[in-house]
Amino acid sequence: MYAIETENLTKVYNGTVAVDHLNLKVKKGTVYGFLGPNGAGKTTTILMLLGLVEPTEGTAYIAGINVMEKPVEVKRITGFMPAEGGLYPNMSALDNLLYFSKFYRMPRNEAEKRAKELLDLVGLREVANKKAGEFSTGMKQRLLLAQALINDPEVLFLDEPTNGLDPRGVIEMRELIRELKKDGKTVFFSSHILPEVEEVSDEIGIISRGKLLASGSQEEIKRKFIEGRVVITVETKQPLEISGLSTEVTDWHREGPNRITVYASRDVREDLIRELTGMGYTVTDIHLHEPTLEEVFLELVYGRERE
Ligand SMILES: Nc1ncnc2c1ncn2[C@@H]1O[C@H](COP(=O)(O)OP(=O)(O)OP(=O)(O)O)[C@@H](O)[C@H]1O
C-alpha cells in the first residue's frame, strides 16, 4: 500500500486546468519532493490530497483511504503546513499549538505535553510564550511545521516549506524533514527550487502546467530522460575524421581536432571503440554524459536544449 496514491486526479477552475490527470505513487516512510514552477498545480494537488479541495475528476488515497469518501479519517492521519497564513500573530507559540490541537479533540494535558515536545523538536521551546507575530520568517515556518505535527500524522504535506528562508533556515528545515523521515513519517513537500528538493528527497515528481512530467528516484528520472538521446564524447590520439563512420549516430559535432561529441539513440560506446580502432585510431577517452537533475528539470519544464 502506498502512503499517497492518485488516479487521474484532476482539478479544473473555471476552465483553467490546474491539475491534469495526475497519477502519483508515494511509498510509505519516504520523502517525496514535488517540484514545479509557480502555478504548476502543486498547492491544488496538496489541497485535493488533504480533502480540502474537491477534484473535478479522479481519485486520491492516503494510506489506502479514499480521500473523498472518508475525509475525516484522512484528516486524522495527515498534517499540513500551508505556504502562507495559518498562525495567530497575537497568540504565543504554545497557544497557537494548543488552539490547533482542539481540532483534534486532544485532552488539554496531552495537548500540552505534545506541544512542548514539538516546540523542542523545532527549537522554539525557549520562545514558547512569545507572540508568533514577533517571530522571524524561519521561526514562523518552524512553528507551522510543529502545528502540522500536533496530531502525530502518518503523512505530512509541506507546501513550499523553505519559502522566504535564509540559507541557514533552509538547512534547518531540511534537517527537520530528515528527522521526520527517521521517525517513520511520509513527507510530501512542494518546492520550485531544485537543490532543496534534490538534497532531501528519496523520490521526486516534476510537475508543470498540471501534468506530472517525471517521477521516481533521481537516478530513474535521469535514466529515463537519456533513453533515446545518449551523448558521448570521444577523444583519439590522432586527428579524427568522422565522415563515413558506420556506427549509428543521430548527430555529432566537433570539440577539437581530436575530439568529437556524438548523439545516438543508445549507448554506442563499444561500437565506436571497435570501429575507430579498426580504422587505426587510438581512443584515449570516451565517456557518456550524465545529465544533471537541473538539466533534466529545465528541459522537461522549459524545453531547453541540453548543452
Ligand atoms: N481557487 C482558485 N481559483 C481559480 N484558479 C486557481 C485557484 N487556485 C489555483 N488556481 C490556478 O490553478 C493553477 C495552479 O495553481 P497552484 O496554486 O496549484 O500552483 P502552484 O504550483 O502551487 O503554484 P505556486 O508555487 O505559485 O503556489 C494556476 O493557474 C492558478 O492560477
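All figures in this text were calculated on a predicted structure; none of them were measured in a lab.

Rules behind the numbers
- Residues numbered from 1 in each chain as written.
- Predicted model: local features only at pLDDT ≥ 70, side-chain atom pairs only at ≥ 80, totals over all residues.
- Helix = DSSP H or I, 4+ residues; strand = E, 2+ residues; numbered from the N terminus.
- Rg over C-alpha atoms; globule rule 2.2 N^0.38 Å.
- Buried ≥ 20, exposed ≤ 12 C-beta atoms within 10 Å, placed from the backbone.
- Core = buried A, V, L, I, M, F, W, Y, C linked by C-beta atoms within 7 Å.
- Domains from an automatic or database assignment.
- Contact = placed C-beta atoms within 7 Å.
- Nonpolar A, V, L, I, M, F, W, Y, C, P; charged D, E, K, R; others polar.
- UniProt positions renumbered as here; feature names shortened; annotations may be inferred.
- Pairing = 2+ DSSP bridges.
- Axes fitted to C-alpha atoms, helices over the stretch in contact; angles between N-to-C directions.
- Near = placed C-beta within 6 Å.
- Parallel < 35°, antiparallel > 145°, perpendicular 65-115°, else oblique.
- Left-handed = near helix turned anticlockwise from the far one by under 90°.
- Expected span 1.5 Å × (residues − 1).
- Arc of directions from axis to C-beta.

1. Comments concerning the overall build of the protein
Right, so step 1: Counting its regular elements, the protein contains ten helices and 15 strands.
Right, so step 2: Taken against the 2.2 N^0.38 rule, which gives 19 Å for 307 residues, the C-alpha radius of gyration of the protein at 25 Å runs more than 25% over that of a compact globule.
Right, so step 3: C-alpha extents for the protein along the principal axes are approximately 85 × 45 × 35 Å.
Right, so step 4: The 307 residues of the protein split such that 37% are buried.

2. Quick word on the nonpolar core
Right, so step 1: By size, the foremost hydrophobic cluster in this structure holds 67 residues, and its most contacted members are Leu49 and Phe188.
Right, so step 2: Per-element tally for this core: the top contributor is helix α5 (residues 137-148), with five residues.
Right, so step 3: Mapped onto the domain boundaries, this core takes at least three residues apiece from domain 1 (4-216) and domain 2 (225-302).
Right, so step 4: Aside from chain neighbours lying at most four places away, what touches Phe188 is Ile4, Val26, Tyr32, Phe34, Val155 and Phe157.
Right, so step 5: In this structure, Val234, Val262, Leu272 and Tyr281 belong to the second largest nonpolar core, which totals nine residues.

3. Remarks on the domain arrangement of the protein
Right, so step 1: Once the domains are mapped, the protein shows domain 1 (4-216) and domain 2 (225-302).
Right, so step 2: Computed from C-alpha coordinates alone, the two centres of domain 1 and domain 2 are separated by 44 Å.
Right, so step 3: The interface of domain 1 with domain 2 comprises eight residues on the first partner and five residues on the second.
Right, so step 4: Counting only elements with at least two residues in the side of domain 1 that touches domain 2, the list comes to α7 (194-200), β10 (203-208) and β11 (211-216).
Right, so step 5: Here the residues of the side of domain 1 that touches domain 2 sort into six nonpolar, one polar and one charged.

4. Thoughts on the environment of Asp120
Right, so step 1: In this fold, Asp120 is placed in helix α4 (residues 108-121).
Right, so step 2: Separated by 147 residues in the primary sequence, Asp120 and Asp267 place their C-alpha atoms 52 Å from one another.

5. Focus on the UniProt feature "domain: ABC transporter" (unreviewed entry) in the protein
Right, so step 1: In this numbering, the UniProt entry assigns the feature "domain: ABC transporter" (unreviewed entry) to residues 4-234.
Right, so step 2: End-to-end, the C-alpha atoms of residues 4-234 are 44 Å apart, and along that stretch the chain is 35% helix and 28% strand.

6. Brief notes about the sheet that holds β11
To summarise the sheet geometry, strands pair through backbone hydrogen bonds and adopt either a parallel or an antiparallel arrangement.
Right, so step 1: A sheet is described by the order of its strands in space; here six strands give the open sequence β7-β8-β9-β4-β10-β11, paired in mixed fashion. The open sheet has two edge strands, β7 (78-81) and β11, and neither has a second partner. Taken pair by pair, the neighbouring strands of this sheet meet at an average axis angle of 15 degrees, ignoring direction.
Right, so step 2: In this sheet, strand β9 (residues 186-191) lies alongside strand β8 (residues 155-159) in parallel orientation, the contact comprising five bridges.

7. Notes on the site of the ligand
Right, so step 1: Every residue lining the ligand is accounted for by Tyr13, Thr16, Ala18, Gly36, Asn38, Gly39, Ala40, Gly41, Lys42, Thr43, Thr44 and His192.
Right, so step 2: Where the shell around the ligand is concerned, the elements lending two or more residues are β2 (16-22) and α1 (42-49).
Right, so step 3: With three residues, the top contributor of residues to the shell around the ligand is α1.
Right, so step 4: In the shell around the ligand, the residues fall into three nonpolar, eight polar and one charged.

8. Some thoughts on the packing of helix α3 (residues 93-101) against α4
Right, so step 1: Direction vectors running N to C along α3 and α4 enclose 130 degrees, while the axes themselves pass 9 Å from each other. Between α3 and α4, the crossing angle belongs to the class labelled oblique. Helix-helix and strand crossings are classified by hand; for α3 and α4 the assignment is right-handed. Along the contact surface, α3 presents Ala93, Leu94, Leu97, Leu98 and Ser101, while α4 presents Ala111, Glu112, Ala115, Leu118 and Leu119.

9. Concerning helix α6 (residues 167-182)
Since the α-helix turns once every 3.6 residues, residues separated by three or four places project in the same direction.
Right, so step 1: With 16 residues, α6 extends 23 Å from end C-alpha to end C-alpha; this agrees with the ideal 22 Å at 1.5 Å per step.
Right, so step 2: For α6, the complete set of buried residues consists of Met173, Leu176, Ile177 and Leu180. The buried residues of α6 all sit within an arc of 100 degrees when viewed along its axis, so they share a single face. Exposed side chains of α6 directed beyond 90 degrees from the buried face belong to Pro167, Arg168, Glu175, Glu179 and Lys182.
Right, so step 3: Gly184 sits one or two residues past α6 and shows a positive phi near 90 degrees.

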